[in-house]
Amino acid sequence: MEEPRVGVFVCHCGINIGAYVKVPDLVEYAKKLPNVVHAERNLFTCSEEGISAIKKAIKEHNLNRVVVASCTPRTHEQLFRAACEEAGLNKYLFEFVNIRDQCSWVHMREPEKATEKAGDLIRMGIAKARLLEPLQEIEIKVTPAALVIGGGVVGMEAALNLARQDFDVHLVEKESELGGTLRSINKLFQTSEEAEKLIKTLVEQVKSHPKIYTHLSSKAKEVTGFIGNFDVNVDEKGEECKFNVGTIIVAIGAESLRPTGQYGYGKMTNVLTQLELEDHMKRGEPVGENIVMVNCVGARVPERTYCGRICCMTAIKNASLIKESNPKAKVWILHRDLMTYGVDFERYYRKAMELGVRFIRYSLERPPEVIGEGKVERIRVYHELWRREIELPCDMLVLTTPLIPAEDSQNISKMLKVSLDEFGFFLEAHLKLRPVEFAMDGVYVCGSARWPTDVTEGVSQAYAAAAKAAGPLRMGYVKAEAINASVNEVECTGCGLCELLCPFQAIELQLKRDRMVSHVNEAVCKGCGTCCAACRSGAITMHHFTDEQILAQVEALFG
Amino acid sequence: MAEFEPRIIAFACNWCTYAAADIAGTSRIQYPPNVRIIRVMCSGMVAPEHISLALENGADGVLVAGCHPGDCHYISGNLKADERFQMVSKVVSILGVESQRVRLKWIATSEGPVFAQTIKDMVNELKELGPSPFKESRSADRARPALALEDMLQETKAYYCLECSKCTSICPVARYDPSYSPRAMIENAVLGLGSENIHDKKLFSCLACYACSLRCPSDVDYPAFMRRTREMAFRSGEYGCPAHGGFLHSVTRLMSRSPYKQKRLGWLTGKYKVSDQSDTMFFVGCTPYFEPIFGYLGVRALDITEASLKILNSSGVEPMLLADEKCCGHDALWTGDTETFQRLAGHNTKLIKEAGTKKIVFSCPEGYRTLKLDYPAHGFELGCELQHISEFAAEKIEKGELKFKEFSKKVTYQDPCRLGRHLGVYDSPRKVLEAIPGLELIEMEKNRECALCCGTSAFTNCGLYSHEMRVDRLREAEASGAEILVTSCPKCQVHFECAMNNRSEEKGPDIDIEVVDLANLVAGALA
């Protein structure tokens, strides 16, 4: 490494620093520190004059390290790095020292001590700067194609959205037909539109789109690589189909719980789930005169604590449809709480009451009981307001069950290295800030794969995921973090601790020259450094925050 | 005199606490100017040695601050920071250092006032505690002069090297890492190119296993040569590639300068009989520290200590334990940090002499070797008898004072280099094992003088080659047909367990053998 030539720029920040910290003293002090060949002060280092002073000094004094002592890297690091870069210096040879936010502003009544602290911070910054090394951000080329897993309404919408932006899309569906869960649905709330019609339109658009490659009766068997370059291996009707994509959308939906053993389900002939009722109604089969629906079957119970979210509306929809086609029929919905959260949902609920659907609340402690042999004849339920049990005649008992994670979730989670939540649904990177993205770059989630959603929400999410997935495809490249970790393969014992710890699955043990050693995928590494802190053999270097650099700061303070 | 102003180092996560400190600034919240922030990308980046080195260098307090659980920018880095911090605070507490000196705190971006308050609280607490007694770091020790190259060549007889290469051909390190050559190192030094050795990271690869010296026709003491060269390297700021980030070395240095009374006997219960009047002392060694540090490997190092006490008690000995015994200094000595070694040796020698001890028993061969050979060589005369627990047990068995129950297992024995080649203790452990009825002792192909090392020593340069050596040794043990590999060194145990925990083996053939310390096996078989 060439001998460091450090330039130090101390900022007055008008009066923000200058009024509390003795800036001229700091400049004189900095000049005496090892490897410092130039030090100056600026009224505002971030002003045009300040920036040109940095650039000028880099050239004049042949600086190869720059330290600015001013405000916070959170707002100004990019600016000063850019100045270095414009003067031909690698931007990672720049070090920031915060003497405003963390010094002059918080020690305003102690100017002597604030100056002393600023001096310490500058000395520490210079100590680190001397050890800085140039780093390069690698650019990764992105294949302008996407994979959408799941050919339900959400997957199809995502695929169409991407295809319309002119990207190739591989749509993989495990069934022999597109449509997903909606294929078993009768009509949609609140419009009472037939689900089949909606699917038909979508399927036609998908099939006729030249940019969409539909793989039916197919499963993604293996996915390797990272954002921009995922190698996908699909099992298509027993045959291998391989292609490369830049981004991936998971839209595998969810499954409806089959509540075997509860309320006579599976034993008594007239007990159905809501999903089975949909099919029943679609075929125009009679449902009888007295219909009882029980909500929250298998949901909000100790073994499955979550609320199924969309099932209340499903029950209300089916009850309303029965009443509309046969006003004489009696429909009761036994519920624990009603979740009617969406746009106009409350009105839909009131309309059901107007139609004559009756709602009875029950509690988890006293669930409804089934009366009958081989067939449900009556339902006994404890009415909380009357404080007595009532019996309802019942020709058909419909159980409202929640959506549960799709069977493939576990496999897909492992294959794509993305997380699942405590219930087994896919987990996004951040609920609020990154709602359709996974922590794994280039992989996105939408629809009921994440959490039970209705069609409207699912489609909105599909658009969001498609927009996110299109970003890197449109750019054509992604920049990987230059502040990342790397492994010395001779020092690595291949213990695999780092592989276990890495939150981004950026580290993998690989066979190299007959030995298992750790390998960091720079395209995936985010530079958190937890691997480096844990490495038993000291084989991992965390660039820009090396042990030597951190220790140099410590030693500079006390040395 | 001016009021004491503590100096605090805060390792602050870029995404939350660093930002919180900025918010404190924009809100002009005033707090004491005693903190110096070191920005890190994630609290999970803060390694145990960063904290211990900050203490070593003179920080009165160390704060590690990151995002609240669930809010980590890197998903879970803060949780890993927490795990590491718990380990560090256990070690700090055994050292006797006040717990207020190291602190972990979750401070979110919006919590500027919390940051300010945390600093205020720390400053108040630290002012009450007073200054940290640690002021000089390893750089202070580096400043002391080293032995001249010429004197070193004389002392180790390196001049007599015949360039026959027997050393390199027998060297286990060279067998795995062909670029390592003891002969080349000697030659470099003899030719006056000693500084090349100093800056060669491989200098720290030598295990000091003494395989070479036993074969050298010219009697060159290569391990001593290497140790002296490391002394020079240490003074040039070369530390090799320390295992576990150098945390163990840092803890040793802290201990060597520490005025605190340690809390190293917290594990001792009434189950074992010890006596302050006894003329036999048991040297506990590093196991109380290994407990938190290597707990994650499933090694309970203190089991070895407890088993040794059981053996002593069963033979009618109620040993004395030193509440403030310090590290024997083995690792410091063998990594070139002679000053730390001397401070430790001085401390231990004083305590041992004051106690009027006649005999010291060790469960650790490194402690045994160090007190037996290195203390006197550096002018620390103990004037008492020293024994390894295997020698102690063998003696008692001979006298019929230790009786065993049936233990029908096939075992093989690993000769630790410090006990075997360094001190020539090969027979006692075998005698002890053979005294256990039903136990069948099978020798590995390489045994006694030819035994293969566990792959690393003094916690340095524990890389790929160390691992391979370890795996080969374990395979050899397995191939012998034994069910248990018995060793009599706690470090062998740690290193073998580490190798078996190695995840890379999951992807290849795995090793299935139990590794048990001699003391544990013997204590378990006592009638």
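Residues numbered from 1 in each chain as written. Chains lettered and ligands numbered in written order. Predicted model: local features only at pLDDT ≥ 70, side-chain atom pairs only at ≥ 80, totals over all residues. Heavy atoms only, no water.

A. The arrangement of the overall build of chain B in detail. Counting its regular elements, chain B contains 23 helices and eleven strands. In terms of overall size, chain B behaves like a compact globule, its C-alpha atoms giving a radius of gyration of 25 Å where 527 residues would be expected to give roughly 24 Å. Each of the three principal axes of chain B carries a C-alpha extent, and together these read 75 × 60 × 55 Å. Within chain B, buried positions represent 65% of all 527 residues. (Helix = DSSP H or I, 4+ residues; strand = E, 2+ residues; numbered from the N terminus. Rg over C-alpha atoms; globule rule 2.2 N^0.38 Å. Buried < 20%, exposed > 50% of the residue type's maximum accessible area, 1.4 Å probe, protein only.)

B. Looking closely at the pairing of strand β3 (residues 65–70) of chain A. Residue and element names in this part refer to chain A. Of all six residues making up β3, six are buried, and the element is well covered by its neighbours. Residues of β3 alternate between two faces, with R65, V67 and A69 on one and V66, V68 and S70 on the opposite face, all of them buried. Examined bridge by bridge, strand β1 (residues 6–11) and β3 share five bridges and lie parallel to one another. In the sheet register, V8 faces β3, and the bridge partner there is V67. At this point the chain moves from β3, through helix α3 (residues 73–86), to the parallel strand β4 (residues 94–98), and the crossover so formed is right-handed. (Pairing = 2+ DSSP bridges. Right-handed = clockwise from strand over helix to strand, strands pointing away.)

C. Quick peek at the sheet that holds strand β21 (residues 396–399) of chain A. Residues and elements named next belong to chain A. An order of β14-β21-β15-β16-β17 is seen for the five strands of this open sheet, with the pairing classed as parallel. Every other strand in the sheet has two partners, leaving β14 (271–273) and β17 (358–361) as the edge strands with one partner each. Each strand axis lies, on average, 25 degrees off the axis of its neighbour in the sheet, ignoring direction. Bridging between strand β15 (residues 290–294) and β21 involves four bridges; their strand directions are parallel. Bridge assignment links M293 to a residue of β21, and that residue is V398. Contacting β15, β16 (330–335) and β17, helix α9 (residues 311–325) runs over the sheet at an angle of about 170 degrees to β16. (Axes fitted to C-alpha atoms, helices over the stretch in contact; angles between N-to-C directions. Contact = heavy atoms within 4.5 Å.)

D. Region of interest: the domain arrangement of chain A. Residues and elements named next belong to chain A. Taken domain by domain, chain A comprises domain 1 (6–135), domain 2 (141–255 + 404–477), domain 3 (258–401) and domain 4 (485–543). Distance from the C-alpha centre of domain 2 to the C-alpha centre of domain 3: 32 Å. Taken together, the contact pairs 20 residues of domain 2 with 21 residues of domain 3. Of the roughly 1800 Å² buried where domain 2 meets domain 3, counting both sides, 60% is carbon and sulfur surface. Among the residues of domain 2 in contact with domain 3, N186, F189 and Q190 are the three that bury the most area, contributing 35% of the side total. Joining domain 2 to domain 3, the criterion identifies two salt bridges. The partner of R309 in a salt bridge is E457, and the shortest N-O contact between them spans 2.8 Å. The interface formed by domain 2 and domain 3 holds six residue pairs in polar contact (both at pLDDT 80 or more) in total. (Domains from an automatic or database assignment. Buried area = accessible area lost by both parts, 1.4 Å probe. Salt bridge = Lys/Arg side-chain N within 4 Å of Asp/Glu carboxyl O. Polar contact = N/O pair within 3.5 Å; in protein donor to acceptor, adjacent residues only side chain to side chain.)

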